[in-house]
Amino acid sequence: MTARSSEASAVRHTWGGSLRLRFTLVFGMMFFVATAAVLAVTAVLVDSSMRYSLEVAFPDGYNLEPGQSAEFQNYLIERRSAYLVIRERIFESVQLNLIFKGGLAVLAVGAMATTAGWLVAGRLVRPLSVISSTAERIAGRTLHRRIDLQAPAGEVKSLADSFDSMLDRLDEAFAGQSRFISNAAHELKTPIAVHRTLVEVAMNRADAPPEVRRLGENLLAVSARHERLIDALLTLARAENSLTELVPVDLAELAESVLDSAAADAERRGVTVADQVEPGTVTGDPVLLEQVVRNLVDNAVRYNRPGGEVAVRVSVGRQGAEVVVDNTGPVIAAHEVPVLFAPFRRLTDRVGSARGSGLGLSIVRAVARAHGGEATAQPRPGGGLTVRVLLPVPGPTPAVAPGRPGRPLTGSGSRRR
């Protein structure tokens, strides 16, 4: 679909669903129907009155009496015919003049009435516009704002008050959820930290046998996995909640930091990472956005094949800032891609033993949507996955020519990790 057709579709959708436009059309149609009916009744009444008046002024003729000369009778007949012609012309002229000038008056007054209807309809639906705009701001930012409509008691005032009551309940529910998340984080992490400390103490005892050390290593691995799972759950819950910290964030800097921290793991697995980025500033939560890039890079390295490749690109286009992570790996069918974004759902060949919690891409999509963006994925023909995260940028988005090279994080733009 072209840009022009998209704009036309948007205009049709906006005006087609406009309550103000519908009110105006109803007012205009009712006025035109009423004035047309009045004009029709007026034409009938004028027709009846004019016929009576013209018949009195111009009688049908004169009586022809015996004894009148033929010349005089012909004169009377001609005079009667002339009177009939004059009467019909006067009648037709009055009718045409009434219909023409009355129609012009109907159109002129109808246009003024339609304009007045547009203004009146705008005043009538103004409270609904206030409710709608406030609801959009609340949905995009915070639940602490209220409509608080200052209007006389009525249907619209009742609607606004009901909406405020619903927001109060939602605000309380989300506040309770935030408190629960904070308490759960403390209550879940504290026992694991104590457990890890006890295991490390037991392992580091001088008389600890090798069996105890191996058991301790396994227990520490399980504890680390539980900690990662808890952190992932808390991050997912925070991403699905309303964002509180919104600051300018450069995705290029985030990608550079994440790639530097993932260098050791990539080198250990023999994975080559190529990066091509350009500055792209978005407004959002820096911690969550960094988690998005980190999850994408970690998954691309972790679920890759030995000697595989990972390509990380950050660019800015007409639609916004885009982070693309492309990696080689096992072949994935197209119908299996949606499963990767579901919490705790992983493909069999991507589960391994305990390499992940199954929340990586779920967090990526939740954070992207919380920032007004979207995360998509598609399988690569030779195996592996390409994940794209599109985020809106503040202000006008600069146009980037296709194929424009980005600013590499290193001199070569590709490095072995």
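Quick caveat: nothing in here was measured; it's all calculated off a predicted structure.

Description of the overall build of the protein
- Assigned secondary structure in the protein consists of 11 helices and eight strands.
- Pairs at least 24 residues apart make up 73% of the contacts formed inside the protein by residues separated by at least 6 positions.
- With the model as given, the accessible surface of the protein reaches about 25200 Å², and the carbon-plus-sulfur share is 60%.

So, the nonpolar core
- Counting 45 residues, the largest nonpolar core has Leu-296 and Val-389 as the members making the most contacts within it.
- Looking at this core element by element, the count peaks at eight residues for helix α8 (residues 286-302).
- When near neighbours in sequence (up to four residues on either side) are disregarded, Val-389 contacts Val-292, Leu-296, Ala-321, Glu-322, Val-323, Val-364, Ala-368, Glu-374 and Ala-375.

Structural notes on the packing of α8 against helix α11 (residues 360-370)
- Where α8 contacts α11, the two axes come as close as 9 Å, and the packing angle between them is 145 degrees. The interaxial crossing formed by α8 with α11 has left-handed handedness. Residues Leu-288, Leu-289, Gln-291, Val-292, Asn-295, Leu-296 and Asn-299 of α8 pack against Gly-360, Leu-361, Ile-363, Val-364 and Val-367 of α11.
- Here the contact of α8 with α11 is built from residues that sort into eight nonpolar, four polar and no charged.

As for the confidence of the model for the protein
- Chain-level statistics for the protein give a pLDDT mean of 76 and a share of 75% at 70 or above.
- Low pLDDT, under 50, characterises residues 348-354; the stretch is placed with 11 contacts to residues that sit more than four places away or in other chains.
- Across residues 397-417, confidence stays below pLDDT 50; counting only partners more than four residues off in sequence or on other chains, it has 55 contacts.

Observations concerning the pattern of salt bridges
- For the structure shown, the criterion picks out eight salt bridges.
- With a shortest N-O distance of 3.9 Å, Arg-388 and Glu-322 are connected by a salt bridge. Here Glu-322 lies in strand β5 (residues 321-327) and Arg-388 lies in strand β7 (residues 385-391), a separation of 66 residues in the sequence.
- Assessed through its relative accessible area of 24%, Glu-322 is described here as partly exposed.
- The shortest N-O distance in the salt bridge between Arg-369 and Glu-374 comes to 3.2 Å.
- Take Arg-369: its relative accessible area is 49%, and that puts it in the partly exposed class.
- By relative accessible area, Glu-374 is classed as partly exposed at 32%.

Reading the values: rules and limits
- Residues numbered from 1 in each chain as written.
- Predicted model: local features only at pLDDT ≥ 70, side-chain atom pairs only at ≥ 80, totals over all residues.
- Heavy atoms only, no water.
- Helix = DSSP H or I, 4+ residues; strand = E, 2+ residues; numbered from the N terminus.
- Contact = heavy atoms within 4.5 Å.
- Areas by Shrake-Rupley, 256 points an atom, 1.4 Å probe, with all protein chains shown as cover.
- Core = buried A, V, L, I, M, F, W, Y, C linked by side-chain atoms within 4.5 Å.
- Buried < 20%, exposed > 50% of the residue type's maximum accessible area, 1.4 Å probe, protein only.
- Axes fitted to C-alpha atoms, helices over the stretch in contact; angles between N-to-C directions.
- Left-handed = near helix turned anticlockwise from the far one by under 90°.
- Nonpolar A, V, L, I, M, F, W, Y, C, P; charged D, E, K, R; others polar.
- pLDDT = per-residue confidence, 0-100.
- Salt bridge = Lys/Arg side-chain N within 4 Å of Asp/Glu carboxyl O.

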